[in-house]
Amino acid sequence: MLNITLEKRPSDSKVMSYLSPVFAILLTLISGGLLFTTLGQDPFHALYTFFISPLTDVYGWTELGVKVAPLTLCAMGLMLCFKARIWNIGAEGQFILGGLGGGYIALELMDAEGFWVLPLVLFFGALSGLLWGALTALLKTRFGANEILTTIMLNYIALNWLLYGVHGPLKDPDGFNFPESALFSDFATLPVLSDDYRLNISIFFALFAVAVIWALMSKTLLGFQIAVLGEDKSAARFAGFKEERLIWFVLLACGALAGLAGVSEVTGSVGQLNPYISPGYGYAAIIVVFLGRMHPVGIVFASMLLALTYMGGEMAQMDLGLPKSLTGLFQGMLLFYLLACDLLISYRIVRKPAARTISSSSNPAQA
Amino acid sequence: MDFELFTNILFATLRTGTPLILIALGEMVCEKSGVLNLGQEGMVLMGAALGFIAAVVTGHAGLGIIAAILAGMMMSVLFAFLSVTLVSNQVATGLALTIFGTGLSGFLGAGYVGMAIDGIAPFPIPFLSDIPVIGKVLFSHDPLVYFSWFMFALIFWCFRSTRLGLTIRAVGENPEAANAIGIPVMKVRYGAIMFGGAMAGLAGAYLSLVYTPMWSEGMSAGRGWIALALVVFASWKAERILLGAYLFGAASIMHLVLQGLGFEASPNLLAMLPYGATIIVLVIIASDAAKAKLSTPLALGRPYRPQV
Amino acid sequence: MNQIELNNITKRYPGCIANQAVELKVDAGEIHALLGENGAGKSTLMKIIYGVVKPDEGTMRWQGEEITVKGPAHARKLGIGMVFQHFSLFETLTVAENIALSLPKEEAASLDLLKQRIIEVSEHYGMKLDPNRYVHTLSIGEQQRVEIVRCLLQDVKLLILDEPTSVLTPQEVETLFKTLHLLSDEGCSILFISHKLDEVRALCDHATILKAGQVSGHCIPKETTTEELARLMVGDDTPLTEDYKKAEGAETYLSIVDLSHQSDDPFACSLKNISLEVKAGEILGIAGVAGNGQEELLNLISGEDTSAKQSVLFANKAVGNLTPEKRRILGLGFVPEERLGRGAVPDMSLQDNALLTGYQGDLTKNGLINTNKVKAFAQNIMDKFNVKAAGIHAQAKSLSGGNLQKYIIGREILQNPKLLVCSHPTWGVDIGAAILIRHELIKLRDAGCAVLVVSEDIDELYSISDRICAICNGELSPVADTRDVSINQLGMWMAGDFHAKTTHSENNTEVDNSSTAKGAMKPC
C-alpha cells in the first residue's frame, strides 16, 4: 500500500479551506477532460466549449447573470439553513411553490393594470415559498420529523402540484392544449436591464440578499446564534439560545428567498407557468453553498461557476452533440471532489514512519 | 369492486413494493453499521441505467442484473471512500452521490432512451401458483420478488442470531469501543455500505428490466428517498420494512384502486400520495421520541476514524 | 523472568511527546501501580501494551520473549486484559453479547454456554453478574464488572486497570481490591493506573511513577511516604497541599425545594424530592458517582431543563420555569462537565466562545455585536487566568484540557456571578491548572458568591467544600459541615444509605459490613 497516512491537525487549516475549492475545480476539469477524451472528443476543445465559449460575448455574461440570480437567492437562503445544520433539501420545492403561487396571482390579475401588480405578484411568490418552508419547520419542531426526508417529499409534492396546475386549472385555453399557462401581462413581468438582454432586476434582489445576510451573519447576535446552533447544539442550549425559534427563522427565510427566486423566474425569463420552470436550481444551490464555503462572497463566485455549468451543458449539446445531463455530471463531480479535498482542512497527509524495527538491542544510553 | 381487480391490486402492490424492500434492506444494514447513505437515488439510477444497457448490448437480462449490482457497488465504494476513509460529512457526500449518480446515469443512458426489451418474465411456482387468489398474489411473480423475500429472511436471521449481525450493531453503536476490542471498524463499514450499494443497484435493475422494461432519466422517481424514510419507519427492523414497503407500494397504485371503485382523479394529484404518506409516517414515528432513541444506531451519521 | 517488560518505549503525537524512554517491569502475581497526574502519559502507555496504539520506539518482552502486540485481539490471546477508564461497552446489547464480541469466534459459538461461564466466573471473584441484562440498565459499578469479567474469561495473565476507582464508592473500592488480591494470589499480574496515593499504598506491591511522559521514579509504596510519592508525581515546584480555610455562608442564594423530575430519556435518571440550599459566601459540594442524577439536577439549575416555578429559587425569586439566558441575567454562572462541545464550541475561536455566555452584558447592543469589546473580554480572560493558547483567535479544540477549563471558568468568573455552578471542575486537567482553578473558586467564595460544585473527586470536595452531601439514584443525602463528615459516612451516602451512622473518626476506612448496602447501587 502507499506509504502515506492521515494525521489529524491540532487545529483546522484556514489556508486549506480556501485552497480546497480550487483543487476541487482543477480535479473536475481534469476528470472532465479525461471523460471527453474517452468520448472521442478533443479534451481541450470540449472543455473550452463547456467552460469558456459561453462567456465570449456580453450576451453570454448577461445570460450568466440570468442564472446567477436564482442560484444566489436560493443559495443565500440555504446558507442560513446549513449554517444551523438544518439540512433543507427543499429549496427546489420552495422555488416551485414561489413560482406557482406568484404565477397564480399573475394569472388572476391578467387584466389588471398598474405598477402595484408586479410587487404584489412577487410578494405572493415569496410568501408561498415561505409557507412551504414553514411546513417543514412545523414538521421538524412540532413533530420531530427529519427535515432531509420531509423536504425531499415536499419537493415531489410541489412539482406534482405545479404539473396539476399546468395540466388542469391553470392551462392556457388558447394554448393548443400544451401544459402551460398563458403568458403573463406586461404589468406582471420583471423589467429587464436593457432591451438587448434577458437580464432583469432579479439580479439586484440577489445582490441585496447577499449584503443583508452577510451583515446578519457577521455582525448580529442572531447570526452568531445560528452559527453556534449549527456547530454545537449542546453549547447553544447551554447558552440559552432558543433552538426552535432559530429553526423557524432559517426555514422561513430560506423559503421566502427561494420563493422569490421562483416567482422572479416565472415573471422574468420564463414569462409563464410550465413544467420546466426550474432546471434543478434548488439542488444546484446546495452545491453552490458548499463550494462557496458557506460564505457570501464564495457563494457569489460559486453561483457563477454553477451557472456556467448549465450554459456549458447547453453549448456542449449544440456544438458537440453531447447529452445535456453533462451538466448534472459536472455538478456532482465538483461536489465530490470538494468533499474529498475538504479532508485536508482537518487532516494532513504524512509519510508513514518507517517500519518500526523492534530490535533486541536497545541502546542503554537512551534509557 | 370485483374480485379480479382486488387480486390484481394485491399482486401489483407486491411488485411495486419490491424495489423499496431491496433498497431499504440494503440501507438498513448500512445504517446499522453507523453510516447514513443518502445517495440511494444515484445508486438506483446507475443500476437501472447500466443494467438496461448491459441487457440491450448482450441480449441477456441476467447479465443486466449482474451489471446493475456491480454498478451499485461501484457507486457505494465511492461513497465509502469519502465517508469512511476520508471521514467526510455523510449528509453532503450522500447528496453528492445522488446528484452525480443522477447525472452520470442520464449521461450514459442517453442513447438508450425509448428502446424496448423483453425484460425478465414472471416465474410462477408450480402447483402453488394454481391456488385460487393466493396463488396469483403470492406465487406468480418474477424471480426478484421471491429474492426480496429471501433477502428479508436472511437479514432478519443475521441480526437475530449471528456474530456478524452483532458485530455490525456494535460498530454502529460505539465505533470507539469496537475499535478498542479489536473489531475492524472500517472494514465492517465498507462491507455494509457495499451491501447497500449492491441492493440499490439490484432495485434499479428491477425497475428497468422487470417493472417497466425501459430506461428513462430519473425513472426512480424518488423511491430511493422513500426507502430511506422506510428504514426510519421500520425502526431498523427488517420485518417492519416489509410491511412498510407494501404500504407504500399500495399508495403508489392508488389510481388502480380508485378506478376499481369508480372514481376519477387527476393523475398528478394522485402522484402526490406516496410522498404525502411518507411524511405522515415520519411524523408518527418521530413522535415517540423515547422509543426512537433506543432503536436508532447510536453512532449513525457520525464520522469516525480510528486514532493510531 | 518478568511477566512483562517494557524498554525505552517512546510515543509521539503532533504537538507533544506522550511517552519518552519509558521502562516498566512487572512480575507474575505482582500488583504494580503506574502513578502520575493527568496528562502524564499513563493511558497512552497502557494502550501501547494492549496494542491499540503502536510505539514509535522501544521494545516489549512478554514472559521473556520479545513481541509486537498487533492489536487488542492479539493482546487478549497473549493473556493481557484491559479495563478502560471509559468503558468500551455497547449499551444496547446484553452483558453476554458484549462479552461474546471480545472473545474469539470459537469460544463464543454457544451463547448459552457463555452465559453459564459468565455466571460461574463472576461469582467466583465476587462480582456477580446477570448475563441477560442490557448494559444500559446497569450501574457504573456493575458496568465495570462486565469489563473485568470480560478479561477474566480469557485466562488473563496480566490485568490492566485504568483509573478504576474514580467511578466507585469507597465500599465498592473495597470489593474491587478483594478481587484483585484474589487474582494476584492466583498468579495473575496486575497493572493499576491511578493518581490516588492512598489507594496505591493500600493495594500495590511496587510502583512506577510517570511525570510528563518520563519515568520519574520506582518505589515500594508501603515503604514510601505520601509526600515522597507526590513529589515524584508533580515535581518540586508545585505546592503539595492546598490548605483552604472553611467558611460560613451568609444568606441563602440558591434554593431547591422538593424538586422531582421524570425524564423521557431512557438513559437518564429521575430526581426525587430534592431539597438543597447554597448560601452566599460558601462552597457546597455534591459527591456522587456519575449517572445518579447529577446531570439532570444541574440542567434544572442552569435552565436547560425547566421545572415548576417555585422549585428553584435564586435569592427567593422563583426561577424554575426560566430558560438559561434569563437565569444568567439574575446572576447565574455555569461551568458544565463537557468543556468541548457544550462549555465551548470546539471549532470556534476563543473570542467567539467568550461571546457564548457573555452576550447579555455590554458585548452586544440592540442585537449587534461589539467586536472590540468581545476581543477585549476574551483577552482579559486569557491574561487573568493564565491561559496558554495561540491567541484569542485560536480554536477552542486546540487548547489542552487544563487551559480550556481555565478559560471557561474564567469566562464565568469575570462576569461576576452571584451563583457559580461547576460540574467536575478539574476533571482531566493537569495539576497546575487544577490548583489555579481551586484557588479561584475559593477566591470567588470569599468575595461573597454562592458556589455549588459537583464532583467525583472526593479529595477535591473535602479540600474546597464548606458543606458536603452526596447524590444517589436521584435522591440527595443530608447536608453537613465538611469537617463533620467522614469519608466512610460520605461513602455510605454515595451508596444510597442515608441513615447509617459511623462510630469512627474521619480517616477510618474500615467498614461495618452489617450496616452497609450490599452490592452495587441499583439503577434508576
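These numbers were taken from a predicted model, which means no experiment stands behind them.

## Regarding the overall build of chain B
Now for step 1: The number of helices and strands found in chain B is 15 helices and zero strands.
Now for step 2: Taking 308 residues into account, the globule formula puts the C-alpha radius of gyration at 19 Å, and chain B, at 20 Å, falls close to it.
Now for step 3: By its C-alpha atoms, chain B is 65 × 45 × 40 Å across when sized along the principal axes.
Now for step 4: Residues classed as buried in chain B amount to 53% of the 308 residues present.

## Observations regarding the interface of chain A and chain C
Now for step 1: Contacts between the two partners involve 25 residues from chain A and, on the opposite side, 39 residues from chain C.
Now for step 2: Elements with a contribution of two residues or more to the side of chain A that touches chain C: helix H8 (221-231) and helix H9 (233-239) of chain A.
Now for step 3: Of the residues contributing to the side of chain A that touches chain C, the split by class is 11 nonpolar, seven polar and seven charged.

## So, the domain arrangement of chain C
Now for step 1: What the domain assignment reports for chain C is domain 1 (4-234), domain 2 (243-331 + 417-524) and domain 3 (341-416).
Now for step 2: With centres defined by C-alpha atoms, the gap from domain 1 of chain C to domain 3 of chain C works out at 38 Å.

## Regarding the nonpolar core
Now for step 1: One finds Cys74(A) and Leu230(B) to be the most contacted residues of the largest nonpolar core, which totals 385 residues.
Now for step 2: A per-element tally of this core places helix H9 (residues 185-211) of chain B first, with 17 residues.
Now for step 3: Residues within four places of Cys74(A) in sequence aside, it is in contact with Ala91(A), Phe95(A), Leu257(A), Ala258(A), Ala261(A), Tyr281(A), Gly282(A) and Ala285(A).

## So, the confidence of the model for chain B
Now for step 1: In the predicted model, chain B carries a mean pLDDT of 88, and the fraction of residues at 70 or more is 97%.
Now for step 2: Looking across chain B, the model is least confident in helix H15 (residues 289-295) of chain B, with a mean pLDDT of 70, and most confident in H9(B), with 95.

## With respect to the packing of helix H2 (residues 40-58) of chain B against helix H3 (residues 61-85) of chain B
Residue and element names in this part refer to chain B.
Now for step 1: Two elements in contact, H2 and H3, have axes whose closest approach is 7 Å; the angle formed by their N-to-C orientations is 145°. Handedness of the crossing formed by H2 with H3: right-handed. Facing H2, whose interface residues are Gly-42, Met-43, Met-46, Gly-47, Leu-50, Gly-51, Phe-52, Ala-54, Ala-55 and Thr-58, H3 presents Ala-61, Leu-63, Gly-64, Ile-65, Ala-67, Ala-68, Ala-71, Gly-72, Met-75 and Ser-76.
Now for step 2: Taken together, the residues of the contact of H2 with H3 sort by class into 13 nonpolar, seven polar and no charged.

## Remarks on the interface of chain A and chain B
Now for step 1: Taken together, the 35 residues of chain A in the interface contact 39 residues of chain B.
Now for step 2: Top contributing element to the side of chain A that touches chain B by residue count: helix H13 (residues 326-346) of chain A, with 12 residues.
Now for step 3: For the side of chain A that touches chain B, the per-class residue count stands at 24 nonpolar, 10 polar and one charged.

## Focus: the sheet that holds strand S9 (residues 206-211) of chain C
Residue and element names in this part refer to chain C.
Now for step 1: Read across the sheet, six strands follow the order S6-S7-S8-S3-S9-S10 without closing on themselves; strand pairing throughout is mixed. Of all the strands in the sheet, the pair left with one neighbour each is strand S6 (80-83) and strand S10 (214-219). Here the average twist between neighbouring strands, direction ignored, is 20°.
Now for step 2: The pairing of S9 with S10 spans five bridges and is antiparallel. Following the sheet pairing, Ala-207 is matched in S10 by Cys-219.
Now for step 3: Relative to S9, helix H8 (residues 226-234) is tilted by about 35°, and along the sheet it contacts strand S3 (31-35), S9 and S10.

## Here's the deal with the sheet that holds strand S15 (residues 317-318) of chain C
Residues and elements named next belong to chain C.
Now for step 1: Ordered by their spatial adjacency, four strands build an open sheet running S12-S11-S14-S15, and the pairing between neighbours is antiparallel. A strand with exactly one partner marks an edge of an open sheet, and here the two such strands are strand S12 (271-279) and S15.
Now for step 2: As defined by bridge partners, strand S11 (residues 252-261) adjoins S12 across six bridges and the pair is classed as antiparallel. Note that in S12 the partner of Leu-259 across the bridge is Ile-274.

## Thoughts on the environment of Leu190(A)
Residue and element names in this part refer to chain A.
Now for step 1: Assignment of secondary structure puts Leu-190 in the loop between helix H6 (147-167) and helix H7 (202-219).
Now for step 2: When the 23 C-beta atoms within 10 Å are taken as the criterion, Leu-190 is described as buried.
Now for step 3: Residues Leu-190 and Ser-264, spaced 74 residues apart in sequence, show a C-alpha to C-alpha distance of 7.1 Å.
Now for step 4: Look past the residues within four positions of Leu-190 in its chain and what remains in contact with it is Asn-200, Ile-201, Ser-202, Ser-264, Thr-267 and Gly-268.

## Here we look at the pairing of S11(C)
Now for step 1: When S11(C) meets strand S14 (residues 312-314) of chain C, the two strands line up antiparallel, connected through three bridges. Each bridged residue has a counterpart across the sheet, and for Ser255(C) the counterpart in S14(C) is Leu313(C).

## Side note on the packing of H2(B) against helix H4 (residues 90-109) of chain B
All names here are of chain B.
Now for step 1: Packing of H2 against H4 leaves a shortest axis separation of 7 Å and a crossing angle of 20°. Taken together, the axes of H2 and H4 lie roughly parallel to each other. Here H2 and H4 pass one another in a crossing that is left-handed. Listed contacts from H4 to Glu-41, Gly-42, Met-43, Leu-45, Met-46, Ala-48, Ala-49, Phe-52 and Ile-53 of H2 are Leu-97, Thr-98, Phe-100, Gly-101, Thr-102, Leu-104, Ser-105, Leu-108 and Gly-109.
Now for step 2: Its residues assigned to classes, the contact of H2 with H4 comprises 11 nonpolar, six polar and one charged.

So, how was this worked out
- Residues numbered from 1 in each chain as written.
- Chains lettered and ligands numbered in written order.
- Predicted model: local features only at pLDDT ≥ 70, side-chain atom pairs only at ≥ 80, totals over all residues.
- Helix = DSSP H or I, 4+ residues; strand = E, 2+ residues; numbered from the N terminus.
- Rg over C-alpha atoms; globule rule 2.2 N^0.38 Å.
- Buried ≥ 20, exposed ≤ 12 C-beta atoms within 10 Å, placed from the backbone.
- Contact = placed C-beta atoms within 7 Å.
- Nonpolar A, V, L, I, M, F, W, Y, C, P; charged D, E, K, R; others polar.
- Domains from an automatic or database assignment.
- Core = buried A, V, L, I, M, F, W, Y, C linked by C-beta atoms within 7 Å.
- pLDDT = per-residue confidence, 0-100.
- Axes fitted to C-alpha atoms, helices over the stretch in contact; angles between N-to-C directions.
- Left-handed = near helix turned anticlockwise from the far one by under 90°.
- Pairing = 2+ DSSP bridges.
- Parallel < 35°, antiparallel > 145°, perpendicular 65-115°, else oblique.

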